[in-house]
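Chains, contacts and geometry: an overview
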Amino acid sequence: MRVDVYVPLVLAALLAVAGPGVGRVLAPAYAARALVVTGGVTAATSVWALMLLGGTLLDDAPPVTAEAQENGLHLPEPVPEVIAVLAVALLVCGAYRAYRVVRTHRCTLRTVQRLRATHPADGELIVVTSATPQAFALPGAVGRIVVTSAMLAGLDAHERRVLLAHERAHLRHRHDRLRLVADLAAAVVPVLVPLRDTVTFLLERWADEDAAETGAGRETTARAVARAALLSHRSRLTSALHLSQLAVTRRVAALQAAPLPRTRLLAVAVLASAVLPAVGAADATGDFLRFLSQALTP
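Residues numbered from 1 in each chain as written. Predicted model: local features only at pLDDT ≥ 70, side-chain atom pairs only at ≥ 80, totals over all residues. Heavy atoms only, no water.

For the rest of this paragraph, the subject is the overall build of the protein chain. Counting its regular elements, the protein chain contains 12 helices and 3 strands. Taken across its 298 residues, the protein chain has 42% of its residues classed as buried. In the protein chain, once contacts between residues fewer than 6 apart in sequence are set aside, the share between residues at least 24 apart is 74%. Counting only carbon and sulfur atoms, one obtains 64% of the accessible surface of the protein chain, whose full area is about 15200 Å². (Helix = DSSP H or I, 4+ residues; strand = E, 2+ residues; numbered from the N terminus. Buried < 20%, exposed > 50% of the residue type's maximum accessible area, 1.4 Å probe, protein only. Contact = heavy atoms within 4.5 Å. Areas by Shrake-Rupley, 256 points an atom, 1.4 Å probe, with all protein chains shown as cover.)

In structure tokens:
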């Protein structure tokens, strides 16, 4: 089997390294979409490449080996056996990690449904009396926003509007779906974990920019992000305007600077990079089929 089978795996590593750079030069909405699509395609082709590598163990199956010995054939060895075994191990681990991501996602959906059932169906906002400052979006056909009384009390009127605009952006653009794709990609191909973290940050930046564009302004939005982060830090929890303190600092700094360009050409270039692992996987599939033909044909 030629080097083509390794192309998706190598490009996955390169994408993980290049992802943060894309987020620094491209508007968050464009960068997040491009990286999620490219990461999803790269993860899928990487899994396929691992399956092809693991499939080369077929020539070690007892029936195939016995038939080859009877016919005096020498079976091809397309890749070292240790690589094939490692590929199978990575597939098993990836399947388990993906199962955990899906299970967590389904548990979250059930929690959302229970929370919806305990509140009136009309209205966008659900205010929960709690001393813990929190806010989050409930995705679905009709999205809802949950905010605790402590969070509302800690923000002024302008900052509350930013908070609601931020959560509306998460609902309107279905960021939960983009996050799920990024989580699954990182689960099946662990080298893409940095890409998942980049996408998570970009989704928050995307919602920040949407909030700033609603009329709140970049300065007010930056203040609201910082205030919400401070409130959640004091309570030792995370809020809807979340992520680590370093990420919050980066978000505030980005809002205090000029908006990043919405360069579609760069976004298209990132998307085009997903073609490379697909081509590599297609070529490797042809190699595998030829190997399979040689192994099974008497």
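In the sheet, strand β2 (residues 135-138) pairs with strand β3 (residues 144-148) via 4 bridges, with the strands oriented antiparallel. Among the inter-strand pairings, Phe136 is bridged to a residue of β3, identified as Val146. From the end of β2 to the start of β3, which pair antiparallel, there are 5 residues, and Gly140 there has a positive phi angle of about 155°. (Pairing = 2+ DSSP bridges.)

Once that is clear, we can look at the pairing of β3. Of all the 5 residues making up β3, 5 are buried; the element is thus mostly covered by neighbouring parts of the structure. Burial of the side chains of β3 extends over both faces: Arg144, Val146 and Thr148 are buried on one face and Ile145 and Val147 on the other. Sheet topology places strand β1 (residues 125-128) next to β3; 4 bridges connect them, and they run parallel. Following the sheet pairing, Ile126 is matched in β3 by Val146.

Attention now moves to the nonpolar core. Of all hydrophobic cores here, the largest spans 25 residues; its most connected members are Leu35 and Leu192. Mapped onto this core, the elements with two or more residues apiece are α1 (7-25), α2 (28-55), α7 (175-188), α8 (193-216) and α11 (264-272). Take this core: its biggest share by element is 8 residues, from α2. For Leu192, the contacting residues outside a window of four places in its chain are Ala12, Leu15, Ala16, Gly39, Ala43, Ala185 and Ala186. (Core = buried A, V, L, I, M, F, W, Y, C linked by side-chain atoms within 4.5 Å.)

Attention shifts here to unusual backbone geometry. With a phi close to 50°, Arg174 is a non-glycine residue in the positive phi region. Residue classification places Arg174 among the partly exposed positions, given a relative accessible area of 22%.

Turning our eyes to something else, we now look at the pattern of salt bridges. As enumerated under the stated definition, the model contains 11 salt bridges in all. We note a salt bridge from Arg172 to Asp210, for which the minimum N-O separation is 2.6 Å. In this pair, Arg172 is assigned in helix α6 (residues 157-172) and Asp210 in helix α8, connecting sequence segments 38 residues apart. Since its relative accessible area comes to 12%, Asp210 is described here as buried. Across the salt bridge formed by Arg196 and Asp197, the nearest N and O atoms sit 3.1 Å from each other. Where salt bridges share partners, they join Asp156, Glu159, Arg223 and Arg227 into one cluster. (Salt bridge = Lys/Arg side-chain N within 4 Å of Asp/Glu carboxyl O.)

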